[in-house]
Number of protein chains: 2
Amino acid sequence: MKYRRTNTLGLAVLGLLWERDMHPYEMASTLRERHQEASVKLNYGSLYTVVEALLKHDLVHAVGTLREGNRPERTVYGLTDTGRAELHDWLRELIAEPTKEYPRFEAGVALIGLLPPDEAIELCERRAETLDAQLVGLREVMTALGEQGLPQLAWIELEYRLAMARAERDWVRWFAAAARAGELGGQEFWRDLHAGDRAGNVRTTKEDDRG
Amino acid sequence: MKYRRTNTLGLAVLGLLWERDMHPYEMASTLRERHQEASVKLNYGSLYTVVEALLKHDLVHAVGTLREGNRPERTVYGLTDTGRAELHDWLRELIAEPTKEYPRFEAGVALIGLLPPDEAIELCERRAETLDAQLVGLREVMTALGEQGLPQLAWIELEYRLAMARAERDWVRWFAAAARAGELGGQEFWRDLHAGDRAGNVRTTKEDDRG
DNA sequence: CTCCGAATACTCGGACACGAGTATTGCACT
DNA sequence: AGTGCAATACTCGTGTCCGAGTATTCGGAG
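Summarised in this report is the structure supplied together with it. Since the model is a prediction, treat every value here as computed from it, not as a measurement.

The rules we used
- Residues numbered from 1 in each chain as written.
- Chains lettered and ligands numbered in written order.
- Predicted model: local features only at pLDDT ≥ 70, side-chain atom pairs only at ≥ 80, totals over all residues.
- Heavy atoms only, no water.
- Contact = heavy atoms within 4.5 Å.
- Buried area = accessible area lost by both parts, 1.4 Å probe.
- Salt bridge = Lys/Arg side-chain N within 4 Å of Asp/Glu carboxyl O.
- Polar contact = N/O pair within 3.5 Å; in protein donor to acceptor, adjacent residues only side chain to side chain.
- Patch = residues over 30% accessible without salt bridge, like charges linked within 9 Å, V, L, I, M, F, W, Y side chains within 5 Å.
- Areas by Shrake-Rupley, 256 points an atom, 1.4 Å probe, with all protein chains shown as cover.
- Helix = DSSP H or I, 4+ residues; strand = E, 2+ residues; numbered from the N terminus.
- Least-squares fit on C-alpha atoms with pLDDT ≥ 70 in both.
- Core = buried A, V, L, I, M, F, W, Y, C linked by side-chain atoms within 4.5 Å.
- Buried < 20%, exposed > 50% of the residue type's maximum accessible area, 1.4 Å probe, protein only.
- Axes fitted to C-alpha atoms, helices over the stretch in contact; angles between N-to-C directions.
- Parallel < 35°, antiparallel > 145°, perpendicular 65-115°, else oblique.
- Left-handed = near helix turned anticlockwise from the far one by under 90°.
- Nonpolar A, V, L, I, M, F, W, Y, C, P; charged D, E, K, R; others polar.

### Quick look at the interface of chain A and chain B
Here comes step 1: Each partner contributes residues to the interface: chain A has 85 residues there, and chain B has 86 residues.
Here comes step 2: With both sides pooled, the region where chain A packs onto chain B buries about 8,400 Å², and carbon together with sulfur makes up 64% of that total.
Here comes step 3: Summed over the three residues of chain A that lose the most area to chain B, namely W18(A), R104(A) and Y160(A), the buried surface amounts to 11% of that side.
Here comes step 4: Taken together, chain A and chain B are joined by four salt bridges.
Here comes step 5: Notably, a salt bridge pairs R161(B) with E106(A), separated by 2.6 Å at the nearest N-O pair.
Here comes step 6: Our count for the contact surface shared by chain A and chain B stands at 24 residue pairs in polar contact (both at pLDDT 80 or more).

### With respect to a nonpolar patch on the surface
Here comes step 1: Residues Y25(A), Y44(A) and Y48(A) make up a contiguous nonpolar surface patch of about 320 Å² in total accessible area.
Here comes step 2: Here Y25(A) is to be found in helix α2 (residues 24-33).

### Some details on unusual backbone geometry
All names here are of chain B.
Here comes step 1: Non-glycine residue H35 carries a positive phi angle of around 60 degrees.
Here comes step 2: Along the chain, H35 falls in the loop between α2 (24-33) and α3 (44-56).
Here comes step 3: Phi is positive for D58, which is not a glycine, with a value near 60 degrees.
Here comes step 4: If you trace the backbone, D58 turns up in the loop between α3 and β1 (60-66).

### Concerning the relation of the copies chain A and chain B
Here comes step 1: Each copy of the sequence occupies a distinct position, and chain A is placed on chain B by a rotation of 180 degrees and an axial shift of 0.0 Å, giving an RMSD of 0.0 Å. Here the transformation between the copies is reduced to the relation of a two-fold axis. Within chain A, A167(A) has its C-alpha nearest the rotation axis, a separation of 3.1 Å.

### A short note on the pattern of salt bridges
Residues and elements named next belong to chain A.
Here comes step 1: In this structure the tally under the stated criterion is 30 salt bridges over all chains.
Here comes step 2: The salt bridge involving R169 is made with D132; its shortest N-O contact spans 2.9 Å. In this pair, R169 sits in helix α7 (residues 156-181) while D132 sits in helix α6 (residues 117-147), placing the two residues 37 residues apart along the sequence.

### Points about the nonpolar core
Here comes step 1: Core analysis: the largest hydrophobic core is formed by 110 residues, its most contacted members being M27(A), W171(A), M27(B) and W171(B).
Here comes step 2: Each residue touching M27(A), except ones within four places of it in the same chain, is listed here: V13(A), L16(A), L17(A), M22(A), L47(A), V51(A) and Y77(A).

### Quick notes on the packing of α7(A) against helix α7 (residues 156-181) of chain B
Here comes step 1: With their axes 10 Å apart at the nearest point, α7(A) and α7(B) run at an angle of 150 degrees to one another. As far as their axial angle goes, α7(B) and α7(A) are roughly antiparallel. Once α7(A) is placed against α7(B), the crossing between them reads as right-handed. Side by side, α7(A) and α7(B) meet where I156(A), E159(A), Y160(A), A163(A), M164(A), A167(A), E168(A), W171(A), W174(A) and F175(A) of the first sit next to I156(B), E159(B), Y160(B), A163(B), M164(B), A167(B), E168(B), W171(B), W174(B) and F175(B) of the second.
Here comes step 2: In terms of residue class, the contact of α7(A) with α7(B) is built from 16 nonpolar, no polar and four charged.

### Notes on the side chain of E86(B)
All names here are of chain B.
Here comes step 1: You can see E86 is positioned in helix α4 (residues 81-96).
Here comes step 2: Look at E86 and you get buried, because its relative accessible area is 13%.
Here comes step 3: A polar contact of 2.7 Å, which involves the side chain of E86, links it to the side chain of R5.
Here comes step 4: Other than its neighbours up to four places away in sequence, E86 contacts Y3, R5, L14 and L59.

Here it is in structure tokens:
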């Protein structure tokens, strides 16, 4: 069976092994050190399953086992030629081809009409503020890394993150403002639909706000 | 155990049942009809597991079974009071609190230094073009829906999607341009690192582009 | 010298996601 | 009347993910 390229943790592992042989735990710590946890989800369970999967597809191979002091044995892995090719190709695919993703917020937005307008607006404003705070945090991290002498290329993914977070904040603010101003198409309908609601509970009848 | 709010398909199901009782297959077709497949990932396996989970947590209950003609029996589900509360609360959470997500592209960007600069730039430009095309498509869908008489609120999530796709395209173009112009921090290093590469294969030695 | 807490290095079971496969029925068309 | 094809309504096995739990060791405080 073909390797499915699901979890990007697999990509990160290949990337690490491209530099040098490692045992899983070392991969985890290295990813931590480099703040790569921010762009790939890291957790031990997944890490070991992912390495197992890579092994099964001959993308990595066991280089040997180490025993240091009396610690449990650690298997050290290395990249195979197929693995190197896979890394390169996967990376190309990831960069060149946008893939459909399903951010949770989008699912929420799709159903936002189920909340009363006032509440929805307030929640959006809360989100915008949280995003503002995150943006400040991100910028701080970035300048800190720059001052540590790391080249921009080493934290370029933060640049991307920043851009996307900013875009989301702007959109959320736009939405809240438009809703507050009553400029949204279907707004009257929305208001009427929730006319009978009191704070804290939603209506329980069975009308729809879609065609 | 508490319901874990993992798959947003669960939210969509609750949203549908808020309107009226349904059997799973009908949920699927309704989601399709409303283009909600675009904001929540729909597939049969997951649908039935999700409904099962909702059932276990008393968020929905079996209202009865239908048999139409000689078709297999279909279980019809309805929302419980707890389910209605859950829908409302989940939605509030989803809107108000940004959650850390891991878009695949970000993982790719984090490792983009592993590709030779020229190739990376070219791939980015390819992505930007694909995104352009998707933006055009999105706008077409939106005007079409508007002309069908649907209020903006019924497809507000597309508005969000559009904003995010646009932001991504802009970022990718910025990156490609900056890289082409050599304005990125660490650019010389990047170039040197891949100086020996020939088109089609990546270097195989063991240097790193990070600290 | 001893105790404590942090770090090391995993394991395991259960939950979850997925999508190909199956079996039936309605309907159009020959 | 028969054929083919889309739509209906799932099922099931495999693969993946997850995170709490476990056991050990090292370094520093007392």
